[in-house]
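# Architecture at a glance
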Amino acid sequence: VVLILGDNIYEDDMSEAVEDFVKQKRGAKIAIKEVPDPERFGVVDFSEDGSTIIDIEEKPKKPKTNFIITGFYICDNRAFDLTRELKLSTRGEYEITDLLKFYMNEGTLSHKKLEGEWIDAGTFDSLLEANNFIANKVKNQM
């Protein structure tokens, strides 16, 4: 199962993440990015060596890191059954971070750190930023 939030723009080639997940066969894989304003997103924290996600927090007031979940998720076919077990959060929503925590606690959550541009085009300003980014990419390819 691959879920990509429709208002997200990725410069990175995500095919490698998909191929890695196919080899993984079980669990989930997410794309993460370091950002200046992590409190707006789901934030991940890592083991001491930085290889494993050990905590996920949805929109924390005091983020532990600047690494966030970008809206690119790959989950095994258990995701459908697992989502039926989710409970409403204190915000009154079903949170994908709760699903990801299941995989994290199971030890089957992996991640890809994005190197290229990532834009959450969910606001007027960021939509303009995304538009300008794509326009410049196309202009430079001509």
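Right, let's walk through the structure included here. Note that this is a predicted model, so its numbers are computed, not measured.

## A word on the overall build of the protein
Tallying secondary structure elements over the protein gives four helices and eight strands in all. Start at the N end of the protein and walk to the C end: the helices and strands fall as β-β-α-β-β-β-β-α-α-β-β-α. Expressed as lengths along the three principal axes of its C-alpha atoms, the size of the protein is roughly 45 × 35 × 30 Å. In the protein, buried positions account for 43% of the 142 residues.

## A closer look at a nonpolar patch on the surface
Side chains of I134, V138 and M142 sit close together on the surface and give an oily, nonpolar patch of about 340 Å² of accessible area. The topology assignment puts I134 in helix α4 (residues 124-141). I134 sits in the partly exposed class, given a relative accessible area of 39%.

## A look at unusual backbone geometry
Of note, K25 is a non-glycine position whose phi angle comes to about 70°, a positive value. A positive phi angle, near 45°, is found at K59, a position not held by glycine. Tracing the sequence through the fold places K59 in the loop between β5 (53-58) and β6 (67-75). Overall, K59 belongs to the partly exposed group, its relative accessible area being 36%.

## A short note on the environment of A28
Tracing the sequence through the fold places A28 in strand β3 (residues 28-34). For A28, a relative accessible area of 0% translates into the label buried. Residues A28 and C75 lie 47 residues apart in sequence; the distance between their C-alpha atoms is 4.2 Å. Each residue touching A28, except ones within four places of it in the same chain, is listed here: F21, I74, C75, L100, Y103, T108, L109 and S110.

Basis of the calculations
- Residues numbered from 1 in each chain as written.
- Predicted model: local features only at pLDDT ≥ 70, side-chain atom pairs only at ≥ 80, totals over all residues.
- Heavy atoms only, no water.
- Helix = DSSP H or I, 4+ residues; strand = E, 2+ residues; numbered from the N terminus.
- Buried < 20%, exposed > 50% of the residue type's maximum accessible area, 1.4 Å probe, protein only.
- Patch = residues over 30% accessible without salt bridge, like charges linked within 9 Å, V, L, I, M, F, W, Y side chains within 5 Å.
- Areas by Shrake-Rupley, 256 points an atom, 1.4 Å probe, with all protein chains shown as cover.
- Salt bridge = Lys/Arg side-chain N within 4 Å of Asp/Glu carboxyl O.
- Contact = heavy atoms within 4.5 Å.

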